[in-house]
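Descriptive analysis of the structure
The lines below spell out each chain.
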Amino acid sequence: MAAAVIGRLCAYGAVRASWRGFASVPVKGSCSSYSSLAWAFQKRCSISTPWTVTVEQCRQSSFFNMSTADELWKGALAETGVGVKKGRGKRRKKKIRKNLNRGQEIGEGRSGFLWPGLNAPVIQSGKVQAVTQRKKEERERIQSEIAQQRDTWEKRRKVRVKREGGWSGKCWGGVLLDPPDPGPNGETYEDFETRVIEVKNVFCMKAKEGRKKSIRALVAIGNGKGAAGFAVGKAGDRMNALRKAKNKAIRCLHFIERYQNHTIYHDISVKFKRTSIRMKKQNKGYGLHCHRAIITICKLIGIKDMYAKVSGSKNLINITRALFKGLTEQETHQQLANQKNLYVVEFREEQGPLPIVVALPEGTVREDPEPEDEVPDTKLEWSDVKEAQGMKKSPWANVRRTIW
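The paragraphs below set out a description of the structure included in this document.

Criteria and cut-off values
Residues numbered from 1 in each chain as written. Predicted model: local features only at pLDDT ≥ 70, side-chain atom pairs only at ≥ 80, totals over all residues. Heavy atoms only, no water. Pairing = 2+ DSSP bridges. Helix = DSSP H or I, 4+ residues; strand = E, 2+ residues; numbered from the N terminus. Contact = heavy atoms within 4.5 Å. Axes fitted to C-alpha atoms, helices over the stretch in contact; angles between N-to-C directions. Phe/Tyr/Trp six-rings, centres within 6.5 Å; stacked < 30°, edge-to-face > 60°. Lys NZ or Arg CZ within 6 Å of the ring centre and 35° of its normal. Patch = residues over 30% accessible without salt bridge, like charges linked within 9 Å, V, L, I, M, F, W, Y side chains within 5 Å. Areas by Shrake-Rupley, 256 points an atom, 1.4 Å probe, with all protein chains shown as cover. Salt bridge = Lys/Arg side-chain N within 4 Å of Asp/Glu carboxyl O. Buried < 20%, exposed > 50% of the residue type's maximum accessible area, 1.4 Å probe, protein only.

Quick notes on the sheet that holds strand S13 (residues 268-272)
In spatial order, the strands read S13-S14-S16-S15; together these four strands make up an open sheet with mixed pairing. Strands at the two margins of the open sheet, each flanked by one partner only, are S13 and strand S15 (288-289). Relative to strand S16 (residues 306-312), strand S14 (residues 275-281) runs antiparallel, the two sharing seven bridges. Counted as the bridge partner of Ser276 is Ser311 from S16. Each of S13, S14 and S16 is contacted by helix H8 (residues 316-328), which is oriented at about 135° to S13, the strand it contacts most.

The following block contains the structure:
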């Protein structure tokens, strides 16, 4: 009896229903029985214009089904409210929205079926779509794209961090970064190499937020031909701090003079705050016998042979500033010859006692020699003096060994 009444209603008009289960809806005058009348007409049933059917699905069984994705993410990210201002440094102020559907497409498979409502629209051109299947060429293309995307993700997982020798595996020091972002005129910096010197967590006390956490990154950049620079970047997360630092470092470049493109021109002693560095010129093949941060920066500059001793504070920022301060203040042979108006000569082992002229003054040569002080103003290092006098011995030389 009830099915006959429903059939008549469907023959004269259209039915608009909201259901929780499954119901077959007659379209364009066709009549069929419903599998569950209680579910199909639990909410409302109204007659509209003849030969038109509108089906609305409404699931109000859960909180997550009642709210949209933007509303749920807004609550999860806590973008509003007083709780954002009182994080007390435990978490960063703004969380990042994650794509939970990454790598997943509901309804996609090897068979290539198009399911209305999953991977195909339900209504197209005013008609309810049926389940169809893609063509063979289109299926192969989609499967190849999915396989290529998976291979890319696997390569990213297996990629190894390129780190300089001397740095431990748990710190960010010596890690190789991508080149800086292109400039305003489209210029690129592919010939520059970027290395991380230090990544550190820093905190700042705020009136409303309390103990706010930030990331400070020290980055050095160079092309191996004398042009190098460094900068400090600070941000809420690590990647933004590194990006800021390398983009700032490319705008603060220094040109370092190199003797025969492998070492410095003369010995240098420099001090910055509580950090002191003594750098010595070395012959070819000596290598870099220095602090690990100095080795990384010297490779970026293009210095291959040098000895450096760091004393005092081992703060990496102070070491970097002191190194650049000393290298930029060194005098070349030509500058020294122009300043003294004298010939600059050099003694080498292969020449014996014969000097080699390395620079000529651009002006007239001065006839009177360089005046010498009665008391030479020479700063000596106590370790060098002991080594020259034979006083430098091993600390274990006079230790009595016990034989068990």
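There is more to say, and it comes next.
Here we look at the packing of aromatic side chains
For any two aromatic rings, the description comes down to two numbers: the centre-to-centre distance and the angle of the planes. Inspection of every chain in the model, using the stated rule, returns four aromatic pairs. Ring geometry for Phe113 versus Trp115: centroids 5.8 Å apart, planes at 40°, classification tilted. The ring of Phe203 carries the charged tip of Arg211 above its face, separated from the ring centre by 3.7 Å. Here Lys281 stacks its cationic end above the ring of Tyr259, 3.9 Å away from the centre of that ring.

Some points on a nonpolar patch on the surface
Taken together, the side chains of Tyr343, Val345, Phe347, Val357, Leu360 and Val365 make up a nonpolar region of the molecular surface, amounting to roughly 580 Å² of accessible area. With respect to the helices, strands and loops of the structure, Tyr343 is situated in the loop between helix H9 (333-340) and strand S17 (344-346). Overall, Tyr343 belongs to the partly exposed group, its relative accessible area being 48%.

Some remarks on the pattern of salt bridges
What the rule picks out here adds up to nine salt bridges. When the shortest N-O distance is used, the salt bridge between Arg141 and Glu145 registers 3.2 Å. Taken as a pair, Arg141 and Glu145 lie in helix H5 (residues 136-158) at a separation of four residues, close to a single helical turn. Since its relative accessible area comes to 42%, Arg141 is described here as partly exposed. Glu145 gets classed as partly exposed once you look at its relative accessible area, which sits at 44%. Here Lys281 ties to Glu346 by a salt bridge, and the two come within 2.8 Å at their closest N and O atoms. In this pair, Lys281 is assigned in strand S14 and Glu346 in strand S17, connecting sequence segments 65 residues apart. Members of the salt-bridge network, linked through shared partners, are Glu108, Arg134 and Glu138.

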